Amino acid sequence: MSDLSLADVYRARRRIEGRVLRTPLVASPALSAVANAPVYLKLETVQPTGSFKLRGATNALVRLAEAGCTRVVTASTGNHGRAVAHAAHALGIEAAVCMSSLVPSNKVEAVRALGAHAHIIGKSQDDAQREAQRLVREEGYAYVPPFDHLDVIAGQATIGIEIAEDLPDVEQIVVPLSGGGLFAGIAFAAKQIAPAVRLTGVTMERGAAMHASLAAGRPVLVDEVETLADSLGGGIGLDNQHTFSLTRQLIDEVVLLDEPSIARGIVHAYEDEHLVLEGAAAVGIAALLAGRLGDSPVARGPIVLIVTGANIDMNQHRRIVGEALQGATA
Ligand SMILES: *Cc1c(COP(=O)(O)O)cnc(C)c1O
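Residues numbered from 1 in each chain as written. Predicted model: local features only at pLDDT ≥ 70, side-chain atom pairs only at ≥ 80, totals over all residues. Heavy atoms only, no water.

The name an unreviewed UniProt entry gives the protein is Hydroxyectoine utilization dehydratase EutB, with Paraburkholderia azotifigens as the organism. You can read under Sequence similarities (unreviewed entry) in the UniProt record for the protein the words "Belongs to the serine/threonine dehydratase family." Quoted verbatim from the Cofactor (unreviewed entry) field of the UniProt record, the comment on the protein reads "pyridoxal 5'-phosphate". (UniProt positions renumbered as here; feature names shortened; annotations may be inferred.)

Set out below in structure tokens:
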């Protein structure tokens, strides 16, 4: 199917063990009642950098450090940059992070606080990626892409192994979808272990590059727009090597959400699950609440929602929850 093997994923798991958490899979009674099926949340929010991105970044950086690399650079909408900064610090190597001006300031500050150099450039993920490539060409950095790299995909795929171990009869896995590193990794590992499992990708209606690319049959550019799911923004790269073809082969369905639905996901997570989630992490919950995960009047097997990250600006979070409460009492 690709240059990725299940053995690579198990090797990634051994490599990141002790540096990245094996995350809990917790039942959600409230969402199970809505779905008429057992629903579980895979809580990547508890990772040291607040998102799953630490898995792929750590796998890639351990390999680079073993090869003698001392300086790494990446382009990122925030969580990957943060993960690279954290992993580089832990390994004692230097990190530079290139980000577009659309990236929220809390994420930029988090990268700086971890000791990395923050390069703010351009208005899109593609601009930031070009700056990272320049540092590679002109200043000898090693590039760590946010999704389109086999070591990154194998790192994210370790989530799929953990789900298969914790819940062998899982029927559906619901994955927030952007560049597709997370989706491709989890889908690859899960389907290698349990071929019948259904894989659903969820993303926002506006500016979803992977969805547009799947529809076009090749990687295409989309205009970037602001969304509550800002970690799902950014292109997939016109020269995409791995995640586009893997996602195309492994995806069973794509769900597209509008902004009010994503807000409802954030509010449900807070009020009913006691979780502070960023928009990108709430799209699985949002899709379920919107009745978009395939209606079924009869009981179904377990559904796992990947809850990808907690890194939301807290002022924005308070505003979203506050507006929902006002709406409820108006
Ligand atoms: C990066 C990210 C995603 C999407 O991952 P991709 O590999 O780019 O598809 C989802 N949620 C959060 C919180 C992220 O940081």
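This is not the end of the story, as more comes after the structure.
S.K.: Requested: an account of the domain arrangement of the protein, with residues and values cited.
M.R.: How big an interface is tends to be stated in terms of accessible area lost as the parts join. Taken as a whole, the protein is organised into domain 1 (6-51 + 149-329) and domain 2 (53-143). Between the C-alpha centres of domain 1 and domain 2 there is a distance of 23 Å. Each partner contributes residues to the interface: domain 1 has 32 residues there, and domain 2 has 24 residues. Interface of domain 1 and domain 2: buried area, both sides summed, is about 2500 Å²; carbon and sulfur atoms make up 50% of it. (Domains from an automatic or database assignment. Contact = heavy atoms within 4.5 Å. Buried area = accessible area lost by both parts, 1.4 Å probe.)

S.K.: Provide a residue-level description of helix 8 (residues 181-193), including the pertinent values.
M.R.: The terminal C-alpha atoms of helix 8, which comprises 13 residues, lie 18 Å apart, in line with the 18 Å expected from a rise of 1.5 Å per residue. With 11 of 13 residues buried, helix 8 lies mostly within the body of the structure. If you check which residues of helix 8 are buried, you get Gly-181, Leu-182, Phe-183, Ala-184, Gly-185, Ile-186, Ala-187, Phe-188, Ala-189, Ala-190 and Lys-191. For helix 8, the secondary structure elements touched by its buried residues are helix 1 (6-16), helix 7 (150-166), strand 7 (172-176), strand 8 (198-204), helix 10 (243-250) and strand 10 (303-307). (Helix = DSSP H or I, 4+ residues; strand = E, 2+ residues; numbered from the N terminus. Expected span 1.5 Å × (residues − 1). Buried < 20%, exposed > 50% of the residue type's maximum accessible area, 1.4 Å probe, protein only.)

S.K.: How would you sum up the pattern of salt bridges? Please name residues and give values.
M.R.: Here the structure, examined in full by the defined rule, presents 16 salt bridges. Where Lys-42 meets Glu-162, a salt bridge forms, and the shortest distance between an N and an O atom there is 2.6 Å. Pair noted here: Lys-42 is in strand 2 (residues 39-43) and Glu-162 is in helix 7, with a separation of 120 residues, a long-range link. Take Lys-42 and Glu-162: they sit in the same class, and that class is buried. Here Asp-252 ties to Lys-191 by a salt bridge, and the two come within 2.9 Å at their closest N and O atoms. (Salt bridge = Lys/Arg side-chain N within 4 Å of Asp/Glu carboxyl O.)

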